[in-house]
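Reading the structure
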Amino acid sequence: MILTTFALFISSFMSLFVFRKFAILINLVDQPNARKQHSGSIPLVGGLAVFIVVFSYLIIFPNTISSAMLYLSCASILLFVGVLDDLYDISFRFRLILQIVISALMMLFGGLILNNVGAIFGDVNVNLSFFGYMMTVICVVGAINAFNMVDGIDGLLGALATITFSSLGILFYFNGQSELMAFCAAIVVATIPYILMNLGIPLGQRFKIFMGDAGSTVIGFTVVWLLLEGSQSTDRAFSPVTALWLAAVPIIDAVSTIARRVKKGQSPFKPDREHLHHILLRLGFSSRQALVVICFISASLAVIGVLGDVFNIPEYIMFYAFIVLTVMYYFFMLRIWRISVRIRRLFKVQ
């Protein structure tokens, strides 16, 4: 296990350096603009480099997850289209259709369907029956885009993904599913070198690298795959409600942002600067401070989810608590600009 972990870590670092040069060669780089305030052209191959290593692990250990070849096929398609999107800015409509097709493949050939949402209204498990197919599509598309939306400051996407996969690994371990636990650990280990280079550690800003849409979409897809596998299989590792808490920050921030955009009559997927990390920067936090705050919130909510599952807290309590938290966050963010002005004046932040 130690040797495998070391091999994954080194392979990921080497992969990042190789793909970084490849990105510069084909101009697969991110340029600063009104929404992307960074210096210079940054290679967009973090996700490509990391998941090449993860895919290699899965090819060597194909029994790690159910329908491994289906996962590899779907994730590879998303990765390829993500690279094209980073290069040529593919229309969102095409990407949305592709994500729906990927959802259908998961359901038809992988049997990953959100059929049971748990006892969210009392003591009886709620079975979605036919509506499970529609809810699965919503979950897959939602997870993919939720993780894409949070990729706004250095280290954030990688850190949030690491928290989610680590939490998943813990729950799989408690349920005796060592292969799935090992797969989560492999993703975490392969992601750490990216986080370091994204933050300019230890080689400085010259070797900085971004995840890119290719990476964020595959992260979201992998999260929802494992959440469905862990909560819907016959050997259930955790409840469906627990899944919400493990990826709470991306989910709550995405739901709140989309709801606010719809309220304004805008496209739900129109880019803006009203995500949690933007708000913290507006309040005077540095990028690193915002990263620490959001990671602390995410880890705390994931711990609540894990403990709630381990100690068998009733699912309806966990579900309603999550709904209340989401609604509170939504109304708080509706008023955040007025609140931020008062806070900035109070602490004399420019």
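Residues numbered from 1 in each chain as written. Predicted model: local features only at pLDDT ≥ 70, side-chain atom pairs only at ≥ 80, totals over all residues. Heavy atoms only, no water.

**Here we look at a positive patch on the surface**
- The grouping of K263, R335, R338, R342 and R345 at the surface amounts to a positive patch.
- Looking at the element boundaries, R335 is found in the loop between α13 (315-334) and α14 (336-346).
- Judged by its relative accessible area of 40%, R335 falls in the partly exposed class. (Patch = residues over 30% accessible without salt bridge, like charges linked within 9 Å, V, L, I, M, F, W, Y side chains within 5 Å. Areas by Shrake-Rupley, 256 points an atom, 1.4 Å probe, with all protein chains shown as cover. Salt bridge = Lys/Arg side-chain N within 4 Å of Asp/Glu carboxyl O. Lys, Arg positive; Asp, Glu negative; His and termini not counted. Charge placed at Lys NZ, Arg CZ, Asp CG, Glu CD. Helix = DSSP H or I, 4+ residues; strand = E, 2+ residues; numbered from the N terminus. Buried < 20%, exposed > 50% of the residue type's maximum accessible area, 1.4 Å probe, protein only.)

**So, the nonpolar core**
- Core analysis: the biggest nonpolar cluster contains 107 residues, and Y71 and F221 have the highest contact counts within it.
- With sequence-adjacent residues up to four places away left out, Y71 is seen in contact with F51, F55, L58, I65, F183, V218, F221, T222 and W225. (Core = buried A, V, L, I, M, F, W, Y, C linked by side-chain atoms within 4.5 Å. Contact = heavy atoms within 4.5 Å.)

**Section: helix α12 (residues 287-310)**
- With 24 residues, α12 should cover 34 Å at 1.5 Å per step; its first-to-last C-alpha distance of 34 Å lies within 8% of that length.
- Among all positions in α12, only A290, L291, I294, C295, S298, L301, A302, G305, V306, G308 and D309 are buried.
- Along its buried surface, α12 packs onto α6 (156-174), α9 (240-246), α10 (248-263), α11 (276-282) and α13.
- Once α12 ends, the next one or two residues include N312, with phi positive near 55 degrees. (Expected span 1.5 Å × (residues − 1).)

**Focus on the state of the cysteines**
- Tallied over the entire structure, the rule returns zero disulfides.
- Looking at C295, it has no disulfide partner, and the nearest cysteine sulfur is the one in C184, 18 Å off.
- C295 gets classed as buried once you look at its relative accessible area, which sits at 16%. (Disulfide = S-S within 2.5 Å.)

**Let's talk about the environment of L196**
- Mapping L196 onto the fold places it in helix α7 (residues 178-198).
- Taking the C-alpha atoms as reference, L196 lies 35 Å from R345; in sequence the two are 149 residues apart.
- Sequence-distant contacts of L196, that is, excluding residues within four places in its chain, are made with F13 and I201.

Any functional reading would require information beyond the geometric quantities listed.
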